[in-house]
Amino acid sequence: MKYIRDIVDVQTKRVFLRLDLNVPVTNGAVSDDFRIKKSFETIDFLRKAGASIVMGSHFEGEGGSLLPVYEYLKARYGDVSFVSDFFPQTPDFSSGKMFLLENLRKYEGEKANSPLF
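Residues numbered from 1 in each chain as written. Predicted model: local features only at pLDDT ≥ 70, side-chain atom pairs only at ≥ 80, totals over all residues. Heavy atoms only, no water.

Peer 1: Mind laying out the packing of helix α2 (residues 40-48) against helix α3 (residues 67-77), listing which residues take part and the relevant values?
Peer 2: Packing of α2 against α3 brings their axes to within 13 Å, and their N-to-C directions diverge by 50°. In this view, α2 runs oblique relative to α3, as classed from their interaxial angle. Handedness of the α2/α3 crossing: right-handed. Between α2 and α3, the residues in contact are F40, I43, D44 and R47 and Y72, L73, R76 and Y77, respectively. Here the contact of α2 with α3 is built from residues that sort into 5 nonpolar, no polar and 3 charged. (Axes fitted to C-alpha atoms, helices over the stretch in contact; angles between N-to-C directions. Helix = DSSP H or I, 4+ residues; strand = E, 2+ residues; numbered from the N terminus. Parallel < 35°, antiparallel > 145°, perpendicular 65-115°, else oblique. Left-handed = near helix turned anticlockwise from the far one by under 90°. Contact = heavy atoms within 4.5 Å. Nonpolar A, V, L, I, M, F, W, Y, C, P; charged D, E, K, R; others polar.)

Here's what the structure looks like:
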């Protein structure tokens, strides 16, 4: 089995991370960050290696939007962009940046396990 640390050349590469960011949100703010913190080691590794990181997750919490998670990540990393609409047109994911996609469940293709999606 390969681990993230076994990947040596991610500089200038775009890496898609499917994360478990389905966290409790209360009054528009993350109220339990345990699952988010579990992603930090991988995110930090990829940032240090120079990868462009595109993060995606489903979210079933308050409001159905990952915007509170984006605010949390922005407070930690600073240079995270929130992508509210990304399908079927892919935004410009510039190298060396971090992006959080809006809730994947927003799209029927995710629910239907569509190969196109």
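Peer 1: How would you explain unusual backbone geometry if you had to name every residue and give the values?
Peer 2: Note on backbone geometry: most residues besides glycine have negative phi, and most peptide bonds are trans. Its identity is not glycine, yet N27 carries a phi of approximately 50°, on the positive side. When you line up the elements, N27 lands in the loop between β2 (25-26) and β3 (29-30). For N27, a relative accessible area of 73% translates into the label exposed. (Buried < 20%, exposed > 50% of the residue type's maximum accessible area, 1.4 Å probe, protein only.)

That is the geometry; function is a separate question.
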